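Listed below, chain by chain, are the residues.
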Amino acid sequence: MTILPVTAPRIVANLPEPLHSGWNRIDGVTVQGRRITIDPAEYFFRYENPSWLVCDWNTVKSALLDAHETQDTTVEQLALQFIKEHSRSTLDPAEVLTTAYAVYAYMFGEEHLKDPSLAAMGVTTRDLRVLTEMGTMMALNRVELDGSISNVGPAWMFGEAAKVVYDLDTREAEKLDELYHGTWFNEPRRVEQIKAHAALGGRLVHGCQSGVEQHMAGGCVAPYGADINEFRRELGAFRDEWVERVRACGN
């Protein structure tokens, strides 16, 4: 059962590039070239608070991406201060999607394919496209400061949704899940994603555990200060149900 606010109009966004047609397999999603339409009643498992915190991406690029932490100020403090100074609340989910697409197109640009370690892993242009599109859709999720999950749709379960949309096998989905959450497995990428996610009003929080059975639990961009213990408790309570609902899409 989907929990909806009193009014939940269809979400329509025009993105810079066409999305993969496999998104049409996800309940409530219609993709026609660059246009994506989402019916909240069909798409979301929960949709309790359709508002989001965003910062202008061009301002992030010009004022934050090149900023450096110091002995007195960490990169997390830089991002938090930037959000305090430049963020605003929006009720427009299309704005969230277009902002998120800019964030993830930057984070997963094709220039990264030159990285020898990624080449050794067999990372491809297709992989980067999947990462960009999945990140874009995941931006509609929401976690409150008390740690409760207020908005969640199929894209939360990153790897499972990627299987449905892109016809990936488990090995391919797990590779992408590691790339998304591992931020390339190095400190420069971690710092880069902290700054980039300021455009979405927070930081990337993982839902995965270290055990194999807990992989593919996805995550979201959560506000700084959110109660992560409560977030993990609630996700644990509903994870299996949500995973099964994602797997059922397209069947």
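Preceding this paragraph is the structure being described.
Since we're looking at a predicted model, the values are computed, not measured.

Moving on, we get to the overall build of the chain. Helix and strand counts for the chain stand at 10 helices and 10 strands. Each principal axis of the C-alpha distribution contributes one length, and for the chain these read about 50 × 45 × 35 Å. Counting over 251 residues, the chain shows a buried share of 51%. Residue pairs at least 24 apart in sequence account for 71% of intrachain contacts in the chain once pairs closer than 6 positions are excluded. Here the chain carries 24 positive and 36 negative side-chain charges, and the mean point of each set is 3 Å from the other.

This part takes up the pairing of strand β2 (residues 29–32). Residues V29 and V31 point to one face of β2 and are all buried, whereas T30 and Q32, pointing to the other face, are not buried. Relative to strand β3 (residues 35–38), β2 is paired through 4 bridges, and the arrangement is antiparallel. The residue bridging V29 from the neighbouring strand is I38, located in β3. The turn linking β2 back onto β3 is made up of 2 residues, and G33 within it adopts a positive phi angle of 65°.

Right, let's talk about the nonpolar core for a bit. Most often, soluble globular proteins keep nonpolar side chains buried together rather than apart. W23 and I36 are the most contacted members of the largest nonpolar core, which has 80 residues in total. Ranked by the residues each element gives to this core, the list is headed by helix α4 (residues 93–107), at 8 residues.

As a further point, take the pairing of strand β10 (residues 219–222). Neither face of β10 is left uncovered, since the one carrying G219 and V221 and the one carrying C220 and A222 both have all their residues buried. Relative to β10, strand β9 (residues 203–206) runs antiparallel, the two sharing 4 bridges. When the sheet's bridge partners are listed, R203 is paired in β10 with A222.

Our focus in this paragraph is the sheet that holds strand β8 (residues 149–152). An order of β4-β8-β7 is seen for the 3 strands of this open sheet, with the pairing classed as antiparallel. The open sheet terminates on both sides in strands that have one partner only, identified here as β4 (46–47) and β7 (142–143). The pairing of β7 with β8 spans 2 bridges and is classified as antiparallel. Paired with V143 across the bridge in β8 is I149. Against the sheet, helix α10 (residues 228–248) contacts β4, β7 and β8, and its axis sits at roughly 35° relative to β8.

Here the focus is unusual backbone geometry. If you check the backbone angles, D167 has positive phi at about 55° while not being a glycine. Here D167 lies in the loop between α7 (158–166) and α8 (170–182).

Another aspect to go through is the sheet that holds β2. Read across the sheet, 3 strands follow the order β1-β3-β2 without closing on themselves; strand pairing throughout is antiparallel. Among the strands making up the open sheet, the edge pair consists of β1 (11–14) and β2. With strand direction ignored, the average angle separating the axes of adjacent strands in the sheet is 15°. Here β1 runs beside β3; their pairing, made up of 4 bridges, is antiparallel. Across the sheet, the residue bridging to I11 is I38, located in β3. Sitting on the sheet, α4 touches β1 and β3, and the angle it makes with β1 is about 35°.

Tallying each qualifying case throughout the model produces 17 salt bridges. The partner of R233 in a salt bridge is E230, with the nearest N and O atoms 2.8 Å apart. Within this pair, R233 and its partner E230 are both found in helix α10, separated by 3 residues, close to a single helical turn. Owing to a relative accessible area of 23%, E230 belongs among the partly exposed residues under this scheme. Residue R245 pairs with E241 through a salt bridge whose shortest N-O separation is 3.9 Å. A residue pair is termed a helical-turn pair when its members lie 3 or 4 positions apart in one helix, as R245 and E241 do in helix α10 at 4 residues. Given the relative accessible area of 26%, R245 is considered partly exposed.

So, how was this worked out
- Residues numbered from 1 in each chain as written.
- Predicted model: local features only at pLDDT ≥ 70, side-chain atom pairs only at ≥ 80, totals over all residues.
- Heavy atoms only, no water.
- Helix = DSSP H or I, 4+ residues; strand = E, 2+ residues; numbered from the N terminus.
- Buried < 20%, exposed > 50% of the residue type's maximum accessible area, 1.4 Å probe, protein only.
- Contact = heavy atoms within 4.5 Å.
- Lys, Arg positive; Asp, Glu negative; His and termini not counted.
- Charge placed at Lys NZ, Arg CZ, Asp CG, Glu CD.
- Pairing = 2+ DSSP bridges.
- Core = buried A, V, L, I, M, F, W, Y, C linked by side-chain atoms within 4.5 Å.
- Axes fitted to C-alpha atoms, helices over the stretch in contact; angles between N-to-C directions.
- Salt bridge = Lys/Arg side-chain N within 4 Å of Asp/Glu carboxyl O.

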